[in-house]
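# Structure assessment
Next come the chains, spelled out residue by residue.
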Amino acid sequence: MTNSNTTGANKYSLSNISGSEGANILGSGLSIISNYQQAKSNIRQLKADAAARIGFGKLEAERIRRDGERVVSQAQSELASSGLDVSGLQGQAIQDTIKFNSEMNAYERIFTAQNEANALLKQAEILKKQQKGGLVQGVLNLGQDIAKAMAGTPS
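### Some thoughts on the packing of helix α1 (residues 19-81) against helix α2 (residues 89-151)
Angle between the axes and distance between the axes are the two parameters that describe a pair of packed helices. Contact geometry of α1 with α2 gives a least axis separation of 9 Å together with a crossing angle of 180°. When the axes of α1 and α2 are compared, the pair comes out roughly antiparallel. Here the contact of α1 with α2 is composed, by residue class, of 31 nonpolar, 14 polar and 14 charged.

### As for the nonpolar core
Judged by nonpolar contacts, Ile43, Leu46, Ala50, Ala117, Leu120 and Ala124 together constitute the single largest core of six residues. Put simply, the parts of the chain that give this core at least two residues each are α1 and α2.

### Observations concerning a positive patch on the surface
On the surface, Lys40, Arg44, Lys47, Lys128 and Lys132 cluster together into a positively charged patch. For the positive patch, the secondary-structure elements that each account for two or more residues are α1 and α2. Along the chain, Arg44 turns up in helix α1.

So, how was this worked out
- Residues numbered from 1 in each chain as written.
- Predicted model: local features only at pLDDT ≥ 70, side-chain atom pairs only at ≥ 80, totals over all residues.
- Heavy atoms only, no water.
- Axes fitted to C-alpha atoms, helices over the stretch in contact; angles between N-to-C directions.
- Helix = DSSP H or I, 4+ residues; strand = E, 2+ residues; numbered from the N terminus.
- Parallel < 35°, antiparallel > 145°, perpendicular 65-115°, else oblique.
- Nonpolar A, V, L, I, M, F, W, Y, C, P; charged D, E, K, R; others polar.
- Core = buried A, V, L, I, M, F, W, Y, C linked by side-chain atoms within 4.5 Å.
- Buried < 20%, exposed > 50% of the residue type's maximum accessible area, 1.4 Å probe, protein only.
- Patch = residues over 30% accessible without salt bridge, like charges linked within 9 Å, V, L, I, M, F, W, Y side chains within 5 Å.
- Areas by Shrake-Rupley, 256 points an atom, 1.4 Å probe, with all protein chains shown as cover.
- Salt bridge = Lys/Arg side-chain N within 4 Å of Asp/Glu carboxyl O.
- Lys, Arg positive; Asp, Glu negative; His and termini not counted.
- Charge placed at Lys NZ, Arg CZ, Asp CG, Glu CD.

In structure tokens, the structure reads:
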């Protein structure tokens, strides 16, 4: 049994590809590569943005904590200058409330940053799936175009 490269009267050959078909095929191939690279770049950017959001959230939380410590110090100073016992129950309750609120605000900022980062990472994952699907479809379409051109069949 012999293997034939013919379909009907058309023989598959590179010589059947016209100059304009070759240019179109090359353009399609370059477009596939360009789209793939652009999607990869967008995915990297989304991941970098997610990491930056988390980092910023942590920095912001530290700033909130430092501000809380500053407010506690000011409260102690004001309590002492007003003649109240800083180490007494009322003074301690005020300090504890300030520290608690500060820590809650810090955790809220970290939580918000993590949620923002998760949303960006989800976008990156969706884009990655779209990129793979687009790449496969683009390559399949390009293969069909090449096969038609090699067979001498108009696209």
